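Chain residues, written in single-letter form:
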Amino acid sequence: MTNQNNNGNGEATLRSLLIKDVVKEYVAGKPVLKGISFDVIGRSTVAIIGPSGTGKSTLLRCINRLIEPTAGEIVVAGHDMTKLSGKELRKARHYIGMVFQEFNLVERLSVIENVLCGKLGSTPVWRAWLRKYPQEDINRAFELIEKVGLGDFVTARADSLSGGQRQRVGIARAVMQNPHVIMADEPTSSLDPKTSVEIMELLNEFSAVQDVPLLINIHDVNLAKRFADRIIGMSEGHVVFDGTPDELQTSHLTEIYGGEDWLA
Amino acid sequence: MTKQYEWERFTPAQRMGRFIIYLGAVMALVLSLRTVEVIPEFLYDAPEQIVDLFTRMWPVDTAYYAEGVHSALIETLNIASLGTVLALFMAFPVGLMAANNITKIPVLNWFAKFILVSSRSVNSLVWAILFVAIFGPGALAGTVAIGFRSIGFCGKLLAEALEECDPGPIEALKAAGAPWPSIILKGYWPQVAPAFWGITLFRWDINVRESSVIGLVGAGGIGVALDTSLNLFNWDQVSLILLCIFAIVIAAEIFVTKVREKII
Amino acid sequence: MTARSVNTRRPFKPNWLARFGWLLILVYATYAISALDISWPRFVAGLGNGAKFIGELFPPNFERWKLLVENLLETVEIAVIASAFGVLFSLPIGLLAARNLMPPWASWPARAVICVCRSFHPVIFAILFVKAVGFGPMAGILTLIFASIGFIGKLFAEAIEEISLKPVEACKAAGAPFMSVLIYAVMPQVLNRFIGFATYQFDANMRNSTMVGIVGAGGIGGTLFAAFQRYDYDFLCAILLSIIGLIMISEFLAVRIKRVFND
């Protein structure tokens with residue numbers, strides 16, 4: 001899918017992610033991200049592939065500024081993320097849902113409390129402390145937990161669940177935020193093949209239902225080809241491929257990953 | 001022909017380090033033995049004195065219990081417990097300030113660590129002396145002294161527990177846009193809660209021991225009775241008091257062990 | 001959107017145990033405050049006194065620094081000697097107290113000794129030793145030796161009880177005498193932890209040695225208490241600051257020593 005600049009259309013701006021010339025240097029003079037640019041407008045599933053260490057996780061974390069980009073522009077749902085700070089930054093983050101490789105759940109809390117954590121950005125602290133969440137939030141949390149197939153585990157402790165189940169909770173938490181963009185950082189890397197497929201299907205489903213773009217870091221190329229509408233290939237800090245899964249050829253993969261032995 | 005392999009358990013640098021320490025320790029010991037002032041007559045006298053002491057301490061004056069000891073024992077336990085509770089409330093914020101993953105301003109870190117070190121460096125007896133000067137003799141001085149001494153202990157262990165927290169869930173909450181009080185409540189607290197209660201119980205146990213002697217400088221509890229009996233050379237009462245102290249310390253330890261097994 | 005009414009289930013079971021716990025703490029605090037005769041007026045009066053007191057502490061008066069340094073040195077000496085002998089004695093006593101290695105007739109007396117040493121605050125030992133061997137550092141040294149035995153002995157015994165007995169079995173099967181079994185099978189497993197305990201106890205002895213002087217067992221505690229009783233508050237402040245400084249140095253040393261041995 002090629003770039004479509006719909007900046008005049010308010011609706012499209014909301015479900016959009018515009019990245020321009022993002023550079024990140026951990027050590028001065030050795031940039032990890034060397035000027036990444038791409039736009040994602042409207043509902044679609046974008047898979048970012050590339051070898052380990054090429055900056056995929058860094059890129060995702062620059063988008064919600066968990067890591068500070070050294071240079072570049074990042075506009076999410078019309079907000080320029082690089083110019084925000086403090087309360088506004090938090091509000092902007094609230095509209096970006098993130099799913100993590102290691103699930104990042106609070107182990108000792110129950111499933112529903114973890115899902116409700118997604119709403120912490122818009123819940124006053126005293127409500128969070130006394131667990132007096134608004135009823136609509138509780139209803140929505142229940143619905144999401146049912147949706148991900150964990151209806152019987154609502155009050156179970158997070159650390160009593162399997163890996164696949166925990167990732168579902170993570171996804172429910174991200175969707176709970178009613179995000180404008182969903183990002184997933186290698187959501188299937190810690191899971192077995194069957195569960196990985198289930199998780200990818202779940203992510204796609206939510207992306208469709210919420211009608212938001214979905215950005216996934218993934219290193220399993222086959223999963224990427226199977227589930228994504230658009231693939232962005234990164235290598236050595238640059239974008240070297242941006243197109244549909246059908247356009248992805250072996251030559252592209254060699255360029256991205258190097259070497260040929262691993263290609264089936 | 002067999003090759004000659006050389007294997008050394010420690011590198012030369014490590015050996016040097018250990019040697020310096022051993023040498024330092026021996027030198028310190030020798031110097032101390034030579035300069036310390038021991039009066040030989042007292043030393044030769046010692047066995048006789050010890051026998052004399054034990055003769056006077058037996059039989060134990062059990063009659064004294066009701067009038068002099070019982071209420072003082074209760075007071076001791078109250079001082080220990082209230083002092084620990086006081087310390088909890090004071091140690092928590094200081095511990096938060098000292099943890100370098102929660103408070104990122106180095107000056108505040110240093111300040112908090114300084115408070116913790118000072119609290120630990122000053123003995124509870126010395127704290128008791130200070131607070132007797134401020135609040136006058138009695139249990140108030142004792143309670144505050146126990147509290148202040150315990151801040152350092154609880155705060156340091158709490159800060160260490162906080163620094164060892166899993167950063168994953170914290171990242172997830174930050175990404176969801178949660179304000180920092182909510183992050184502490186839902187991200188850090190569930191992780192450190194068991195350690196926190198363990199530390200508290202541990203300190204309470206030590207505080208029972210400490211509370212039993214601060215009365216020697218006037219800060220309330222059974223130490224006051226001990227001081228009186230010592231001044232009057234009523235050694236049989238002294239032995240009663242010592243036995244009672246022994247009893248409550250053992251009782252406290254058993255209590256703590258039982259609670260530990262059940263809750264943690 | 002499901003038609004099922006989803007909000008009829010309670011998501012948060014109120015944690016009655018935790019609520020009860022907090023309530024208990026609150027109730028207890030209120031009871032204790034009244035039992036200890038702590039009243040607000042007294043507290044406020046104390047704050048006033050406190051401010052005055054702090055005013056008299058500063059600036060710290062180092063005029064009698066000779067006396068201060070002399071007593072600080074005595075404090076250090078007491079700590080060093082007591083630590084050396086304390087560590088020396090706690091090694092066999094701790095070994096004897098290990099129930100997995102020793103028969104009950106050896107372990108029970110050893111455990112009893114350790115228990116008594118631990119249960120009493122060092123000050124109590126100090127008082128008894130002052131009566132037995134008179135005023136001065138000797139009483140302090142003996143006090144801290146016993147305190148060390150109590151602390152190191154207990155932890156060391158626990159550490160030994162946690163070791164794997166397989167190397168012990170192997171050595172015994174090879175016909176090794178008991179001492180050799182100890183040296184080759186037991187000690188390598190626990191030596192690191194023992195060094196950790198010993199270093200910790202040295203630090204603790206340093207702290208305790210600053211206060212045994214209050215009852216006459218030598219060291220800076222005596223100077224401190226004397227200054228207090230004479231209302232010499234600015235000298236008191238100087239003493240306090242030097243104690244804090246001494247402890248900081250000793251803590252720093254303890255950390256470095258542990259680092260060298262943990263390499």
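No experiment lies behind these values; they were computed from the predicted model shown. (Residues numbered from 1 in each chain as written. Chains lettered and ligands numbered in written order. Predicted model: local features only at pLDDT ≥ 70, side-chain atom pairs only at ≥ 80, totals over all residues.)

A. Structural detail: the overall build of chain C. In terms of regular secondary structure, chain C is built from 10 helices and zero strands. Along chain C, from the amino end to the carboxyl end, the secondary structure elements read α-α-α-α-α-α-α-α-α-α. Along the first, second and third principal axes, the C-alpha set of chain C runs to 80 × 70 × 35 Å. Once local pairs closer than 6 in sequence are excluded, the contacts in chain C between residues at least 24 apart make up 73%. (Helix = DSSP H or I, 4+ residues; strand = E, 2+ residues; numbered from the N terminus. Contact = placed C-beta atoms within 7 Å.)

B. Focus on the overall build of chain A. Each helix and strand counted, chain A has 10 helices and 10 strands in total. Along the longest, intermediate and shortest principal axes, the C-alpha atoms of chain A span 55 × 40 × 35 Å. By the burial criterion, 44% of the 264 residues in chain A qualify as buried. Considering only contacts within chain A whose residues lie at least 6 apart along the sequence, 69% involve residues at least 24 apart. (Buried ≥ 20, exposed ≤ 12 C-beta atoms within 10 Å, placed from the backbone.)

C. Inspection of the interface of chain A and chain B at higher detail. In this assembly, 22 residues from chain A lie in contact with 17 residues from chain B. Classifying every residue of the side of chain A that touches chain B by side-chain character gives 11 nonpolar, six polar and five charged. (Nonpolar A, V, L, I, M, F, W, Y, C, P; charged D, E, K, R; others polar.)

D. Structural view of helix α6 (residues 135–147) of chain A. All names here are of chain A. The terminal C-alpha atoms of α6, which comprises 13 residues, lie 18 Å apart, in line with the 18 Å expected from a rise of 1.5 Å per residue. Within α6, the full set of buried residues consists of I138, R140, A141, F142, L144 and I145. Of the surrounding secondary structure, the elements contacted by the buried residues of α6 are α4 (111–116) and α7 (163–176). Of the residues one or two after α6, G149 is the one with positive phi, at around 85°. (Expected span 1.5 Å × (residues − 1).)

E. Quick peek at the interface of chain C and chain B. Contact with chain C, which involves 48 residues of that partner, is made by 51 residues of chain B. For the side of chain C that touches chain B, the elements supplying multiple residues, two or more each, are α1 (16–35), α2 (40–57), α3 (65–96), α5 (122–133), α6 (137–161), α9 (220–229) and α10 (233–262) of chain C.

F. Here's a closer look at the sheet that holds strand β10 (residues 238–243) of chain A. All names here are of chain A. Across the sheet, six strands lie side by side as β6-β7-β8-β3-β9-β10; this open sheet has mixed pairing. Edge strands, defined here as strands with exactly one partner in the open sheet, are β6 (96–99) and β10. Taken pair by pair, the neighbouring strands of this sheet meet at an average axis angle of 20°, ignoring direction. (Pairing = 2+ DSSP bridges. Axes fitted to C-alpha atoms, helices over the stretch in contact; angles between N-to-C directions.)

G. Seen up close, the pairing of strand β3 (residues 45–49) of chain A. Residue and element names in this part refer to chain A. In terms of residue burial, β3 counts as a mostly covered element, since five of its five residues are buried. Of the two faces of β3, the one holding T45, A47 and I49 and the one holding V46 and I48 are both buried throughout. In the sheet, β3 pairs with strand β8 (residues 214–217) via four bridges, with the strands oriented parallel. Residue pairing across strands places A47 opposite I216, the latter belonging to β8. As judged from the four bridges shared by β3 and strand β9 (residues 230–235), these two strands associate in the parallel manner. Bridged to A47 within β9 is I231.

H. Looking closely at the packing of helix α6 (residues 139–163) of chain B against helix α8 (residues 180–211) of chain B. Residues and elements named next belong to chain B. Two elements in contact, α6 and α8, have axes whose closest approach is 9 Å; the angle formed by their N-to-C orientations is 145°. The handedness of the crossing between α6 and α8 comes out as right-handed. On α8, the residues that touch G142, I146, S150, F153, C154, L157, L158, A161 and L162 of α6 are Y188, V192, A195, F196, I199, T200, R203, N207, E210 and S211. Its residues assigned to classes, the contact of α6 with α8 comprises 12 nonpolar, five polar and two charged. (Left-handed = near helix turned anticlockwise from the far one by under 90°.)

I. Local environment of the confidence of the model for chain A. Per-residue confidence for chain A averages 88 on the pLDDT scale, and 94% of its residues sit at or above 70. Predicted confidence is poor over residues 1–9 of chain A, with pLDDT under 50, and the contacts of this stretch with residues over four places away or in other chains come to nine contacts. (pLDDT = per-residue confidence, 0-100.)

J. Structural view of the environment of V116 of chain C. Mapped onto the secondary structure, V116 of chain C falls in helix α4 (residues 104–119). On the basis of neighbour count, V116 of chain C is assigned to the partly exposed category, with 14 C-beta atoms found within 10 Å.

K. Representation of the environment of T143 of chain B within the structure. Structurally, T143 of chain B can be placed in helix α6. For T143 of chain B and L82 of chain B, which are 61 residues apart along the polypeptide, the C-alpha to C-alpha distance reads 6.5 Å. For T143 of chain B, the residues in contact, after removing those within four places along its chain, are I79, L82, G83 and L86 of chain B together with L36 and I38 of chain C.

L. Spatial organisation of the pairing of β10 of chain A. All names here are of chain A. Examined bridge by bridge, β9 and β10 share five bridges and lie antiparallel to one another. Within the sheet, the bridge partner assigned to I232 lies in β10 and is D242. Counting the residues that bridge the hairpin from β9 to β10 gives two residues, and of these E236 lies at a positive phi of roughly 55°.

M. View of the nonpolar core. Judged by nonpolar contacts, the single largest core of 141 residues is most densely connected at A128 and F131 of chain B. Examining the composition of this core, we find that 15 residues originate from one element, α6 of chain C, more than from any other. Each residue touching A128 of chain B, except ones within four places of it in the same chain, is listed here: A141, G142, A145, I214, V217 and A219 of chain B. Formed by 82 residues, the second largest nonpolar core is a distinct cluster that contains L33, I48, M98 and A141 of chain A. (Core = buried A, V, L, I, M, F, W, Y, C linked by C-beta atoms within 7 Å.)

N. Here's a closer look at helix α4 (residues 106–121) of chain B. When the terminal C-alpha atoms of α4 of chain B are compared, their 22 Å separation across 16 residues agrees well with the 22 Å that a helix rising 1.5 Å per residue should span. Within α4 of chain B, the full set of buried residues consists of A112, L116, S119, R120 and S121 of chain B.

O. View of the sheet that holds strand β4 (residues 71–76) of chain A. Residues and elements named next belong to chain A. Taking strand neighbours across the sheet as the criterion, the four strands line up as β2-β1-β4-β5 in an open arrangement whose pairing is antiparallel. The sheet is open, and its two borders are formed by β2 (30–41) and β5 (79–80), each paired with just one other strand. Bridge count between β4 and β5: two bridges; the pairing is antiparallel. Bridge pairing links V75 to D80 in β5.

P. Just the confidence of the model for chain C, in detail. Residue and element names in this part refer to chain C. Counting all residues, the mean pLDDT for chain C is 85, and 94% of those residues have values of 70 or more. With pLDDT under 50 throughout, residues 1–8 is counted as low confidence; its partners more than four residues away or in other chains account for nine contacts. Confidence estimates for the predicted assembly give a pTM of 0.81 and an ipTM of 0.82.

Q. Spatial organisation of unusual backbone geometry. Residue P59 of chain B is bonded to the preceding W58 of chain B through a cis peptide linkage, with omega at 0°. Note that P59 of chain B resides in the loop between α2 (40–57) and α3 (64–98). Residue P59 of chain C is bonded to the preceding F58 of chain C through a cis peptide linkage, with omega at -5°. By the element assignment, P59 of chain C lies in the loop between α2 and α3. Positive phi values are uncommon outside glycine, yet N104 of chain A reaches one of about 50°. Along the chain, N104 of chain A turns up in the loop between β6 and α4. Positive phi is not limited to glycine here, since F233 of chain B has a value of about 60°. With respect to the secondary-structure elements, F233 of chain B resides in the loop between α9 (222–231) and α10 (235–263).

R. View of the environment of I20 of chain B. Relative to the helices and strands, I20 of chain B is located in helix α1 (residues 12–35). Expressed as a C-alpha distance, the spacing of I20 of chain B and Q49 of chain B, which sit 29 residues apart in the sequence, is 41 Å.

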